[in-house]
Amino acid sequence: MIINQSEKLALWTLSKLLPEGSQVVHVEKQSDREHDFDIFDKENKKVAIVEVTAAIHQESKRSLMRESKHGAIRCATLQNGWLLMAHNPDPRWIQECGCKHLVVLESHGVIKFDHQTQYFQNNAVAQAATELYKMGIENGGGGFGIPGAISFLTSRGENSGDWVLSHERVTDVLFKALEQPDNLNKLSAEKHSPAVNRHFFVEIDRATHPAAGDSLAEVNPPSETPDLNCRATHIWAVMRTNDEVIAWCGDLAGWKSWKLSVDNSLDGN
């Protein structure tokens, strides 16, 4: 039985892309030391194993869900509309507490703040900016949009590093996950026959930091072959959007990429 969405995505993707007649069979886990899938060829010979993991930043994912659920934030006591650069914003906190700090800034004629505002000469302004910064709201300005409305220019992920699109954003996430001891153990060449390929499959999404999901969707894979160093024979980065699955696969021959249309079988039981 497939127990999580990443495994479900892996089964669907591999079944689409492996040679015709291949069978991807879920391994009934006896311990945490087992990989997730065995792959058999059309002659029922075991030709590969697959380990599946996810590199989805949960804080970013929750902030996206909260923002979608609560919609625009309104604060009747604000005189300006505000645009905030917010790292994983929490709409509830902004509604209940953040608005009050923005009111403090407005009351002292401050309609633009950043990191340096924490050291403002006026203690009330400095404290308000500090509290906003503690919650991942790095800077902001008033005078945007409808008075009392708060909108976001969001930075998603584990930190507020530059949101630059490049294939390194994807491969860095892959190798960081691959280097985890548990994954190295499951994929160890010593545990498997030399004739058996060892696939490492990583699900990412738009919230995976830094910009891995956007890079996967918008740029091409590297031109050079991945440095697998015997840790695996194939590495996969895969992301599902609403209507397609985007996949990269790297091995000793180089990189390939696909965009697959989602069908009903991906959402089926």
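Residues numbered from 1 in each chain as written. Predicted model: local features only at pLDDT ≥ 70, side-chain atom pairs only at ≥ 80, totals over all residues. Heavy atoms only, no water.

Engineer: I keep staring at the overall build of the protein and nothing clicks. Help me out?
Structural biologist: When helices and strands are tallied, the protein shows 8 helices and 12 strands. Taken along its principal axes, the extent of the C-alpha atoms in the protein is 75 × 35 × 35 Å. With 269 residues in all, the protein has 48% of them scored as buried. Once local pairs closer than 6 in sequence are excluded, the contacts in the protein between residues at least 24 apart make up 67%. When the accessible surface of the protein is summed, it comes to about 14500 Å², and 48% of that surface belongs to carbon and sulfur atoms. (Helix = DSSP H or I, 4+ residues; strand = E, 2+ residues; numbered from the N terminus. Buried < 20%, exposed > 50% of the residue type's maximum accessible area, 1.4 Å probe, protein only. Contact = heavy atoms within 4.5 Å. Areas by Shrake-Rupley, 256 points an atom, 1.4 Å probe, with all protein chains shown as cover.)

Engineer: Help me understand the nonpolar core in this model?
Structural biologist: In summary, soluble globular proteins display a tendency toward joint burial of nonpolar side chains. Judged by nonpolar contacts, the single largest core of 24 residues is most densely connected at Leu178, Phe200, Val202, Ile204, Leu216 and Ile235. Mapped by element, the contributors of at least two residues to this core are α5 (167-178), β9 (197-203), α7 (212-218), β10 (234-240) and β11 (244-251). With 6 residues, α5 is the largest single contributor of residues to this core. (Core = buried A, V, L, I, M, F, W, Y, C linked by side-chain atoms within 4.5 Å.)

Engineer: Honestly, the state of the cysteines in this entry has me stumped. Any pointers?
Structural biologist: A disulfide bridge is the covalent bond that connects two cysteines by way of their sulfur atoms. The final tally for this structure, using the stated rule, is 0 disulfides. Free cysteine Cys75: the closest other cysteine sulfur is in Cys99, separated by 3.5 Å. Take Cys75: its relative accessible area is 8%, and that puts it in the buried class. (Disulfide = S-S within 2.5 Å.)

Engineer: Looking at this structure, I do not really get α5. What am I missing?
Structural biologist: Residues lying three or four places apart along an α-helix face the same way, a consequence of the helix completing one turn every 3.6 residues. With 12 residues, α5 should cover 16 Å at 1.5 Å per step; its first-to-last C-alpha distance of 17 Å lies within 8% of that length. For α5, the full list of buried residues reads Arg169, Val170, Thr171, Val173, Leu174, Phe175, Ala177 and Leu178. (Expected span 1.5 Å × (residues − 1).)

Engineer: Looking at this model, I keep getting lost on unusual backbone geometry. Mind explaining?
Structural biologist: What you tend to see is this: most non-glycine residues have negative phi, and most peptide bonds are trans. The phi dihedral of Asn229 is positive, around 50 degrees, even though this residue is not glycine. Looking at the element boundaries, Asn229 is found in the loop between α7 and β10. Judged by relative accessible area, Asn229 falls into the exposed class, the value being 57%. Phi is positive for Cys230, close to 65 degrees, though the residue is something other than glycine. When you line up the elements, Cys230 lands in the loop between α7 and β10. In this structure Cys230 comes out as exposed when scored by relative accessible area, which is 62%.

Engineer: Even after reading the chapter, I still don't get the environment of Glu51, so can you show me in this structure?
Structural biologist: Turning to its location among the elements, Glu51 is positioned in strand β3 (residues 46-54). Looking at Glu51, the relative accessible area reads 3%, which means it is buried. Residues Glu51 and Ala10, 41 residues apart in the sequence, show an inter-C-alpha distance of 9.4 Å.

Engineer: Mind showing me how you'd approach the side chain of Thr117 here?
Structural biologist: Following the sequence through the fold, Thr117 ends up in the loop between β6 (112-113) and α4 (123-134). Here the side chain of Thr117 touches Asp114 through a polar contact of 2.9 Å, landing on its backbone nitrogen. Other than its neighbours up to four places away in sequence, Thr117 contacts Lys112, Val125, Ala126 and Ala129. (Polar contact = N/O pair within 3.5 Å; in protein donor to acceptor, adjacent residues only side chain to side chain.)

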